[in-house]
Amino acid sequence: ESLRHVRDDEWRRDNLHARISQFRAGAEASELPLMESRSPIQPLVVGEAANAMRISKDLAARGYLVTAIRPPTVPRGSSRLRITLSAGHDEQQVTGLLEALSECMAVR
């Protein structure tokens, strides 16, 4: 069954690539500090661990599961959010996430 999906469900790959492109373009337009990544995992640098945790909690309250990655996993001062996109996400969900990220990142 898995092999059939790989062979026949090209729309899943196409949708995933479209969502990654949409997210990256929207993040760039909003001047969000994304790290380079062509994968479904999009790291967004926040800096301090406390900010990463706050933003992750704020996003969860809005219905978005975005985990905070902080020391000792990453160097001190380079905490980030781990945004994971999937073929199951649609354009409106990514737009909503980008809006929520911009709002949550603006709060200091």
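As a reminder, the structure under discussion sits directly above these lines.
The following refers to the structure shown. (Residues numbered from 1 in each chain as written. Predicted model: local features only at pLDDT ≥ 70, side-chain atom pairs only at ≥ 80, totals over all residues. Heavy atoms only, no water.)

1. Overview of the overall build of the protein chain
So, point 1. What the protein chain contains, in helices and strands, is four helices and three strands.
So, point 2. Listing each helix as α and each strand as β along the protein chain from the N terminus yields α-α-β-α-β-β-α.
So, point 3. In terms of overall dimensions, the protein chain has C-alpha extents of about 45 × 30 × 25 Å along its principal axes.
So, point 4. Burial status across the protein chain gives 35% buried among its 108 residues.
So, point 5. Counted over contacts in the protein chain with a minimum sequence separation of 6, partners at least 24 positions apart contribute 61%.
So, point 6. Taking the average location of the 15 positive side-chain charges in the protein chain and that of its 14 negative ones, the two points are 8 Å from each other. (Helix = DSSP H or I, 4+ residues; strand = E, 2+ residues; numbered from the N terminus. Buried < 20%, exposed > 50% of the residue type's maximum accessible area, 1.4 Å probe, protein only. Contact = heavy atoms within 4.5 Å. Lys, Arg positive; Asp, Glu negative; His and termini not counted. Charge placed at Lys NZ, Arg CZ, Asp CG, Glu CD.)

2. A look at helix α3 (residues 49-61)
So, point 1. Here α3 contains 13 residues, and its C-alpha end-to-end distance of 18 Å stays within 8% of the 18 Å for a straight helix at 1.5 Å per residue.
So, point 2. Every buried residue of α3 is listed here: A52, I55, S56 and L59. One side of α3 holds all its buried residues, which, seen down the axis, span an arc of 100°. Opposite the packed face of α3, turned more than 90 degrees from it, sit the exposed residues A50, K57 and A61.
So, point 3. Where α3 is buried, its residues meet β1 (41-47), β2 (67-69), β3 (79-84) and α4 (91-106).
So, point 4. Phi turns positive one or two residues past the end of α3, at G63, with a value near 95°. (Expected span 1.5 Å × (residues − 1). Arc of directions from axis to C-beta.)

3. Digging into α4
So, point 1. Here α4 is 16 residues long and its end C-alpha atoms lie 23 Å apart, about the 22 Å a rise of 1.5 Å per residue gives.
So, point 2. Looking at the buried positions of α4, the neighbouring elements they touch are α2 (10-29), β1, α3 and β3.
So, point 3. Taking the backbone nitrogen of Q92 as reference, a side-chain oxygen 3.1 Å away marks D90 as the first, capping residue of α4. (Polar contact = N/O pair within 3.5 Å; in protein donor to acceptor, adjacent residues only side chain to side chain.)

4. Some remarks on the nonpolar core
Among soluble globular proteins, nonpolar side chains are generally buried collectively.
So, point 1. In this structure, F23, L44, L59, L81, I83 and L101 are the most contacted members of the largest nonpolar core, which totals 23 residues.
So, point 2. Of all the secondary structure elements, the ones that give two or more residues to this core are α2, β1, α3, β3 and α4.
So, point 3. Top element by residues in this core is α4. It accounts for seven residues.
So, point 4. Every residue in contact with F23, bar those within four places of it in the chain, is listed here: L34, Q42, I83, L85, V94, L97, L98 and L101. (Core = buried A, V, L, I, M, F, W, Y, C linked by side-chain atoms within 4.5 Å.)

5. Here we look at the layout of surface pockets
So, point 1. Taken as a whole, the largest pocket holds about 150 Å³ of empty space.
So, point 2. As for the largest pocket, its lining consists of Y64, L65, V66, I83, T84, L85, H89, Q93, V94 and L97.
So, point 3. Looking at the lining of the largest pocket, the elements that each hand over two or more residues are β3 and α4.
So, point 4. Ranked by residues supplied to the lining of the largest pocket, first place goes to α4 with three residues. (1 Å grid on protein atoms, 1.4 Å probe; cavity = no way out; pocket = protein on both sides within 12 Å on 5 of 7 lines; lining within 4 Å. Points joined across faces, edges and corners; volume = space filled by probe spheres on them.)

All quantities given are derived from atomic positions and should not be read as evidence of function.
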